[in-house]
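The primary structure of each chain is shown beneath.
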Amino acid sequence: EAGVVQSPRYKIIEKKQPVAFWCNPISGHNTLYWYLQNLGQGPELLIRYENEEAVDDSQLPKDRFSAERLKGVDSTLKIQPAELGDSAVYLCASSLGRWDRETNEQFFGPGTRLTVL
Amino acid sequence: AQSVSQHNHHVILSEAASLELGCNYSYGGTVNLFWYVQYPGQHLQLLLKYFSGDPLVKGIKGFEAEFIKSKFSFNLRKPSVQWSDTAEYFCAVSGNTGKLIFGQGTTLQVKP
């Protein structure tokens, strides 16, 4: 079974430039998560999708960050414009569906490491 | 506020030594507890989880964790570590929404 796929794996941009990250979840997984992981810290949730609906985006800095999951499958996270402090790893995860304690394990992708110069 | 605190940021052990990584959480209501591991160059993967029942949970690769409700703790243990256990370990908590709140992580270095 293929895991969560993310691209690119690494991205270096200059500040004020736009950047986009792509995630393809595990087939059949309806819930998709985007996390931000700063160096030396644990991941922090940015946004959670149930199918195509963003059900929790309270931690997404909406002035510069946006996300979409138009067909309820793959998703794109965008930053425009990027700032120096956005340098981090952006993780995507997926799970089967609406939270079920016993079965709804989150599977993580390899992440995209963003460096903003 | 919901939070997870991991006591040790960096642990160095020799092979065959015993391991215990501390994790304390602050969370109102029913909690689900997790330990995730990230081996060098690999993605985060689930080591073990606690939802209910027996507070002593066994995971993959010989790891176990004990949920002590009165202490708000979920410490990770392994009786004898191997060089291949070198990795970063994250404790996490969630409630009914599935939103995971992670600790800051503990880097474990096992010397051969």
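Reading the values: the criteria
- Residues numbered from 1 in each chain as written.
- Chains lettered and ligands numbered in written order.
- Predicted model: local features only at pLDDT ≥ 70, side-chain atom pairs only at ≥ 80, totals over all residues.
- Heavy atoms only, no water.
- Helix = DSSP H or I, 4+ residues; strand = E, 2+ residues; numbered from the N terminus.
- Rg over C-alpha atoms; globule rule 2.2 N^0.38 Å.
- Buried < 20%, exposed > 50% of the residue type's maximum accessible area, 1.4 Å probe, protein only.
- Contact = heavy atoms within 4.5 Å.
- Areas by Shrake-Rupley, 256 points an atom, 1.4 Å probe, with all protein chains shown as cover.
- Buried area = accessible area lost by both parts, 1.4 Å probe.
- Salt bridge = Lys/Arg side-chain N within 4 Å of Asp/Glu carboxyl O.
- Polar contact = N/O pair within 3.5 Å; in protein donor to acceptor, adjacent residues only side chain to side chain.
- 1 Å grid on protein atoms, 1.4 Å probe; cavity = no way out; pocket = protein on both sides within 12 Å on 5 of 7 lines; lining within 4 Å.
- Points joined across faces, edges and corners; volume = space filled by probe spheres on them.
- Nonpolar A, V, L, I, M, F, W, Y, C, P; charged D, E, K, R; others polar.
- Core = buried A, V, L, I, M, F, W, Y, C linked by side-chain atoms within 4.5 Å.
- Pairing = 2+ DSSP bridges.
- Axes fitted to C-alpha atoms, helices over the stretch in contact; angles between N-to-C directions.

Caption draft 1: Spotlight on the overall build of chain B. Of the regular secondary structure elements, chain B holds 0 helices and 12 strands. For chain B, the succession of helices and strands along the chain, N to C, is β-β-β-β-β-β-β-β-β-β-β-β. Computed over C-alpha atoms, the radius of gyration of chain B comes to 13 Å, within 12% of the 13 Å expected from 2.2 N^0.38 for 112 residues, which places it in the range of a compact globule. Considered along the principal axes of its C-alpha atoms, chain B spans approximately 40 × 25 × 20 Å. Counting every position in chain B, which comprises 112 residues, the buried fraction comes to 49%. When contacts within chain B are restricted to residue pairs at least 6 apart in sequence, those whose partners lie at least 24 apart make up 54%. Summed over its atoms, the accessible surface of chain B is roughly 5200 Å², and 52% of this surface lies on carbon and sulfur atoms.

Caption draft 2: Representation of the interface of chain A and chain B. Taken together, the contact pairs 20 residues of chain A with 23 residues of chain B. Buried area between chain A and chain B, both sides added, is near 1700 Å², and the carbon and sulfur share of it is 53%. Applying the counting rule to chain A against chain B returns 0 salt bridges. Viewed at the interface, chain B and chain A are joined by 1 residue pair in polar contact (both at pLDDT 80 or more). Looking at the side of chain A that touches chain B, the elements that each hand over two or more residues are β4 (31-37) and β5 (44-50) of chain A. For the side of chain A that touches chain B, the element with the highest residue contribution is β4 of chain A, accounting for 3 residues.

Caption draft 3: Summary view of the layout of surface pockets. Here the largest pocket defines a volume of roughly 580 Å³. In terms of lining, the largest pocket is formed by 28 residues, of which the most central are Q37, V89 and R113 of chain A together with Q38 and E88 of chain B. Contributions of two or more residues to the lining of the largest pocket are made by β9 (88-95) and β11 (112-116) of chain A together with β10 (87-94) of chain B. Residue contributions to the lining of the largest pocket peak at 4 residues, all from β11 of chain A. In terms of residue class, the lining of the largest pocket is built from 11 nonpolar, 14 polar and 3 charged. Approximately 320 Å³ is the volume attributed to the second largest pocket. Broken down by element, the residue count for the lining of the second largest pocket peaks at 3 residues, all from β5 of chain A. Its residues assigned to classes, the lining of the second largest pocket comprises 8 nonpolar, 7 polar and 2 charged.

Caption draft 4: Summary view of the nonpolar core. The biggest cluster of nonpolar side chains holds 30 residues, and the ones touching the most others in it are L33, W35, L48, F74, L76 and Y89 of chain B. When residues of this core are assigned to their parent elements, the largest contribution, 4 residues, is made by β10 of chain B. The next biggest cluster of nonpolar side chains, apart from the first, holds 22 residues, and it includes V19, L36, L60 and F65 of chain A.

Caption draft 5: Broad picture of the pattern of salt bridges. All names here are of chain B. Applying the stated rule across the entire model yields 8 salt bridges over all chains. For the salt bridge of E64 with K58, the shortest nitrogen-to-oxygen distance reads 2.9 Å. K58 sits in the exposed class, given a relative accessible area of 62%. A salt bridge links R77 to E66, with the nearest nitrogen and oxygen atoms 3.2 Å apart. One end of the pair, R77, is in strand β9 (residues 73-78); the other, E66, is in strand β8 (residues 64-68), with 11 residues separating them in the sequence.

Caption draft 6: How the structure looks around the sheet that holds strand β3 (residues 19-24) of chain A. Residues and elements named next belong to chain A. With antiparallel pairing, 4 strands are arranged side by side in an open sheet as β1-β3-β8-β7. In this open sheet, the two strands that pair with only one neighbour each are β1 (5-7) and β7 (65-68). Direction aside, neighbouring strands of the sheet carry axes that sit 15° apart on average. Pairing of β1 with β3, which is carried by 3 bridges, proceeds in the antiparallel orientation. From the neighbouring strand, V5 faces β3, where its bridge partner is N24.

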